[in-house]
Amino acid sequence: MRADLPPDAALLAQNADLRSRLQEAEQTLQAIRAGAVDALVVETSAGPQIFLLQGIEAESYRLRSEMLAQVSDAVIATDNDESVTYLNAAAERQYGVTEVNVLGRKLSWLYETRWLRPEDKAAEMTALRDLGHWRGEKVHVTHSGKAINIDCSMTRMVTKDGMAYGRLAVFRDITHQKGHENLRKLLEKQLHESQKMEALGTLAGGVAHDFNNILGTILINVQLARRDATANWRALVSLEEIDKAARRASDLVQQILAFGRQQSNTRQVISIPSAVEESIRLLRAALSGKVLIEYQCAPDTPSVVADLTQVQQVVLNLGNNAAYAMEGRAGNITIRVEGVVLDEASMQRHHNLLPGKYARIVVSDAGHGMDVATQQRIFEPFFTTKPQGQGTGLGLAVVHGILRTHKAEIVVHSEPGRGSRFEVYFPAVNEVAAALGPDTMEPAGMASEGRGRHILYIDDDQPQLYANKRMLESWGYRVSAYYAQREALQAVLTGKIRCDLLVTDFNMPGTSGLEVARAIHLMLPELPIIMVSGFITDELREQAAAAGVRRLIGKPQDMEELRDILQSLLIPPPRRSFLT
Amino acid sequence: MRIKSSATRKPDFKAATANLDNAHYVLELYVAGTTGNSERAIVNIRKLCEERLQGRYTLDIVDISQRPSLAADNQIIAAPTLIKQLPLPTRRFIGGMSMIPSSFLGLAS
């Protein structure tokens, strides 16, 4: 009895308290009958004891919970309001929570969903409504900010009467697996990209080869026509224009061949800073102060084995692109050369680069930048973002072709509105590479006339063959022209014709120029052989030398070069006698 | 097991009794391990609190199977049992709380 209350009031309070306890006891009994109580607290001599009420439903519930607790994937049940009604131990670990702290909370409290494909959100709702289940991938961002790749399997839970009362979800953590898959996809993409560029290079090279033949014919005929039109100055002006246009086209063909790795190159040990500085000088002259170029050179930049002209071409093309991107914008172009050492970790970022030392050329601009779609296409030939008529779309394709022949790599960083940075990695020179000397052709000797010497000329391209024949004849040579290799071979090997020199095209259907040269060289080892090709490579040089070819000439031929070579091969240098 | 949830500030007796709309609620839920009724009770009471008392409630979840003495101290005779300590008057509710009325918390239904 409470001492501070009057006796009547105290009795009333005691009565109310007893009623309340009685009500609670009745409520407890009702709850036990209804199966809503799991445990009773009983006072014993040893203190309070907890007695669990183990009904059939409770036992079944316990078994279900124990089984789900063993599942290694996160299992979460929610009600129709998306409040969590169950989660297993794996879910507690995966999301860094405890069950009692999550039960009754909205699922959105547990994690934030990021859809890999926006359309999946609606697809999930539709599938759950119509089919009762959905499976797909998504990303969960937990309370702590950790992103988890999830393979999600979601099922709508329904009563026997078909009433939906919630969802059961199994969330498998596939972050690790996803990492491997992303790497595989990246490698596949790189392989695909490389195959695409290879195919484009072959295609472009093939077109360029045919185009070369046509240009050769045009240029030779221009020279012949000039001779015939000496008194007609109008015709001479037109011929001059044809000559200029054909030479411009020839330059374009050289660029295509550079992209297709079919351009001859001369490798030697070069200093990257010297090559880049020369290119910057040319760039500054071309840009005539419109854009400033800031140049930085690190003293540790290693030397590389490369074709000097082609390295300069790379810098010129990247510089020109940077200048174009800077049009109408403030800022400078920065060109930096430095030495870098790539380790295994760096290799993770640049999968085509092996660990080792590189000379790096970085060309950065503060221009308009590129989106991802543009970046994926910039090295394709004829792809350009410039207005029609302002770009050939070959600049970066040429860079790509040159870098591939040098086993060099290019890495592009760019964002729209935030400029671009092109990083070019040339492998640093090593001892073996350093031993490689320049592979150059000596200039031709002095000129003289043909004096009726007999030349056998083989080329499957008839217009070019006859144009060359006419030109050689105009120099005083006698020419037997064949467009069918086998006929020519037969004529020589049977002694039907006796010639002083053989000129053969390399790329011909059926028997190649190499095979022709090999067969004739075997029979007539002293006969000088010249081979003409639009695709001069180091490999071809070696093969040609082994087949007895004395000289290789690029297409379209510079006729003056051919003239000099003919004379140097046919007219031996004068003997010198030394008086003692 | 004793979990405190959504404790945003210490309960203030006067403020709690002055106005139920702004009062801070202090609730204690006594459960017996992770049994079906206990889990349902946690789900139901937390859902109710999140819907009606968000940001102004403290929910202590006490597992009496781990600490039976706490049950005796608070005169708990069955689990799950919910006790509303504040705002006054103190009230008790026994069972799975699937049908817990809003009036238990002194809220309009």
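Before any of the text, the structure's been laid out above.
The shown structure was predicted, so the numbers you read here are calculated from the model rather than taken from an experiment.

Caption draft 1: Quick look at the sheet that holds strand β5 (residues 111-115) of chain A. Residues and elements named next belong to chain A. Spatially, β4-β3-β8-β7-β6-β5 is the arrangement adopted by the six strands of the open sheet, whose pairing is antiparallel. The open sheet terminates on both sides in strands that have one partner only, identified here as β4 (84-87) and β5. Averaged over all adjacent pairs, the angle separating strand axes in this sheet is 35 degrees, with direction ignored. Examined bridge by bridge, strand β6 (residues 133-142) and strand β7 (residues 147-158) share nine bridges and lie antiparallel to one another. Bridged to valine 141 within β7 is alanine 147.

Caption draft 2: Up close: the interface of chain A and chain B. Each side of the interface is counted separately: chain A has 30 residues, and chain B has 33 residues. Contributing elements (two or more residues each) for the side of chain A that touches chain B: α1 (7-33), β1 (39-44), β2 (47-52), α2 (56-70), β4 and α4 (99-102) of chain A. Here the side of chain A that touches chain B takes five residues from β2 of chain A, the largest share from any one element. A breakdown of the residues in the side of chain A that touches chain B according to their chemical character gives 15 nonpolar, nine polar and six charged. Note: β1 of chain A against strand β4 (residues 78-79) of chain B, two bridges, orientation antiparallel. Residue pairing in the sheet places alanine 39 of chain A in a bridge with alanine 79 of chain B of β4 of chain B.

Caption draft 3: Up close: the packing of helix α7 (residues 175-228) of chain A against helix α15 (residues 462-474) of chain A. Residues and elements named next belong to chain A. At their nearest, the axes of α7 and α15 sit 9 Å apart, and the two run at 35 degrees to each other. By crossing handedness, the relation of α7 to α15 is classed as left-handed. Contacts from Asn213, Gly216, Thr217, Ile220, Asn221, Gln223, Leu224 and Arg227 in α7 reach Pro463, Gln464, Ala467, Asn468, Arg470, Met471 and Ser474 in α15.

Caption draft 4: Expanded view of the nonpolar core. Residue and element names in this part refer to chain A. Ile272, Val304, Val424, Phe426 and Ile455 are the most contacted members of the largest nonpolar core, which has 82 residues in total. Looking at this core element by element, the count peaks at eight residues for α7. With residues up to four places along the chain from it excluded, the contact list for isoleucine 272 reads Thr301, Val304, Val337, Ala359, Ile361 and Phe426. Of all hydrophobic cores here, the second largest spans 52 residues; its members include Ile50, Ala90, Leu103 and Val170.

What counts and how
- Residues numbered from 1 in each chain as written.
- Chains lettered and ligands numbered in written order.
- Predicted model: local features only at pLDDT ≥ 70, side-chain atom pairs only at ≥ 80, totals over all residues.
- Pairing = 2+ DSSP bridges.
- Helix = DSSP H or I, 4+ residues; strand = E, 2+ residues; numbered from the N terminus.
- Axes fitted to C-alpha atoms, helices over the stretch in contact; angles between N-to-C directions.
- Contact = placed C-beta atoms within 7 Å.
- Nonpolar A, V, L, I, M, F, W, Y, C, P; charged D, E, K, R; others polar.
- Left-handed = near helix turned anticlockwise from the far one by under 90°.
- Core = buried A, V, L, I, M, F, W, Y, C linked by C-beta atoms within 7 Å.
- Buried ≥ 20, exposed ≤ 12 C-beta atoms within 10 Å, placed from the backbone.

In short, shape yes, function no, at least from these values alone.
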